[in-house]
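Remarks on the overall topology
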Amino acid sequence: MPLPSLVPRDRVFFDLFNEAGQNTVRAARMLQEMLEKWPDEGGLAREILLAEQEGDRITHDIVQRVNTTFVTPIDGEDIYALATQVDDIVDFTEETADFMVIYKIEAPVEQAQAMAGVLVRSCEELAAVLADLRGFKDLERHWIEIHRLENDGDRLYRDALAALFANGIDPMVVIRWKDVFESLEASVDACEKVAHVLEGITLKAR
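Note on numbering: residues in each chain are counted from 1, in written sequence order. Selection of residues for local features in this predicted model requires a pLDDT of at least 70, selection of side-chain atom pairs for listing and counting requires 80 or more, and totals for whole chains, interfaces and linings are taken over all residues. Side-chain numbers come from the whole structure's heavy atoms, not from hydrogens or water.

**Quick word on the state of the cysteines**
The term disulfide refers to a covalent linkage connecting the sulfur atoms of a pair of cysteines. Here, a disulfide means two cysteine sulfur atoms that sit within 2.5 Å of each other. One pass over the full model with this rule turns up 0 disulfides. With no disulfide of its own, Cys-123 lies 4.0 Å from the sulfur of Cys-191, the closest cysteine sulfur.

Printed below as a string of structure tokens:
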């Protein structure tokens, strides 16, 4: 009789991770739109904040279930690490949007738009893994792509900083954009950290 009671709990964990993955995609796409249409789409910062709050809710639900479930479908420490790392992606995404508003950035730059595009693609790959996590199969191609995208993000970040310091831009503008770029890079890096956690989980499942 214990098996039927475990199945719903298994499904809830995987469903919550699927929700978390979709939430990262939603937040990243809104940030991409915000950077492409800035300052006309400044109101998207509020929507991204709501996505960040939804991410916090999902993470709380996952952690609470880990603490109250005797048998979990994945090691409890791995579940906690995965949930918190996924949440970091949306946190950094929201921080980027917040910087755009707080600093009253006048116009977007191509490097930020390109980095946002990398973030969207990274989150889409991550969401695909989390949607299929229950089977633990055919997932490797997704994190290989996430690693490749992280390398692209690093290159764009370095190019963006080089451009900031090479063009005689006002120092205050440099400081503001440096914060934006660092937050964008942190978002992409967080995707790779999730990929590392997922690799570890799937190796244990084999």
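Text resumes after the structure shown.
**Focus on the confidence of the model for the protein**
Every residue carries a pLDDT, the predictor's confidence in it, which falls somewhere between 0 and 100. The predicted model of the protein has a mean per-residue pLDDT of 89, with 94% of residues at 70 or higher. Per the convention used, a helix needs a DSSP run of H or I reaching at least four residues, while a strand needs a run of E reaching at least two, with both numbered from the N terminus. Within the protein, the lowest mean pLDDT, 82, falls on helix H1 (residues 2–37), and the highest, 96, falls on helix H4 (residues 110–131). For the stretch residues 1–7, pLDDT sits under 50, and the model shows 1 contact to residues farther than four places along the chain or on other chains. Contacts are assigned to residue pairs with any non-hydrogen atoms lying within 4.5 Å of each other.

**Observations concerning the pattern of salt bridges**
We count a salt bridge whenever a side-chain nitrogen from Lys or Arg sits within 4 Å of a carboxyl oxygen from Asp or Glu. Going through the model one piece at a time under the given rule, you end up with 10 salt bridges. Where Glu-19 meets Arg-57, a salt bridge forms, and the shortest distance between an N and an O atom there is 3.2 Å. Residue Glu-19 is found in helix H1, and its partner Arg-57 is found in helix H2 (residues 44–68); the two are separated by 38 residues along the sequence. Remark: exposure states derive from per-residue accessible area (1.4 Å probe, protein chains only) relative to the maximum for the residue type, with buried under 20%, exposed over 50%, and partly exposed in between. Given the relative accessible area of 33%, Glu-19 is considered partly exposed. When the shortest N-O distance is used, the salt bridge between Arg-29 and Glu-124 registers 2.9 Å. Residue Arg-29 is located in helix H1, and its partner Glu-124 is located in helix H4; the two are separated by 95 residues in the primary sequence. A relative accessible area of 44% places Arg-29 in the partly exposed class.

**Here we look at helix H5 (residues 140–166)**
In this analysis, the expected span of each helix is defined as 1.5 Å times one less than the number of residues it contains. With 27 residues, H5 extends 39 Å between its outermost C-alpha atoms, agreeing within 8% with the 39 Å of an ideal straight helix rising 1.5 Å per residue. At the C-terminal side of H5, Gly-168 shows a positive phi close to 60 degrees.

**Observations regarding helix H3 (residues 76–102)**
In this model H3 runs 38 Å from its N-terminal to its C-terminal C-alpha over 27 residues, within 8% of the 39 Å that 1.5 Å per residue would give. Within 3.5 Å is the distance limit for a polar contact, defined as a pair of N or O atoms, with the added protein rule that one can donate a hydrogen and the other accept it, and that residues adjacent in sequence qualify only through two side-chain atoms. If you check the start of H3, you find a side-chain oxygen 3.0 Å away from the backbone N of Glu-77, and it comes from Asp-75. Where H3 terminates, the next one or two residues include Lys-104, which has phi positive at roughly 55 degrees.

**Section: the packing of aromatic side chains**
Ring pairs shown here join Phe, Tyr and Trp side chains whose ring centres sit within 6.5 Å, with only the six-membered ring taken for Trp; geometry is labelled stacked below 30 degrees between planes, edge-to-face above 60, and tilted in between. According to the stated counting rule, one finds 2 aromatic pairs in the structure shown. Ring geometry for Phe-99 and Tyr-103: centres 5.4 Å apart, planes at 5 degrees, overall stacked.

**Section: unusual backbone geometry**
For the peptide bond that leads from Trp-38 to Pro-39, omega is 5 degrees, which places it in the cis range. In this fold, Pro-39 is placed in the loop between H1 and H2. A positive phi angle, close to 55 degrees, is found at Lys-104, a residue other than glycine. Given the relative accessible area of 65%, Lys-104 is considered exposed.

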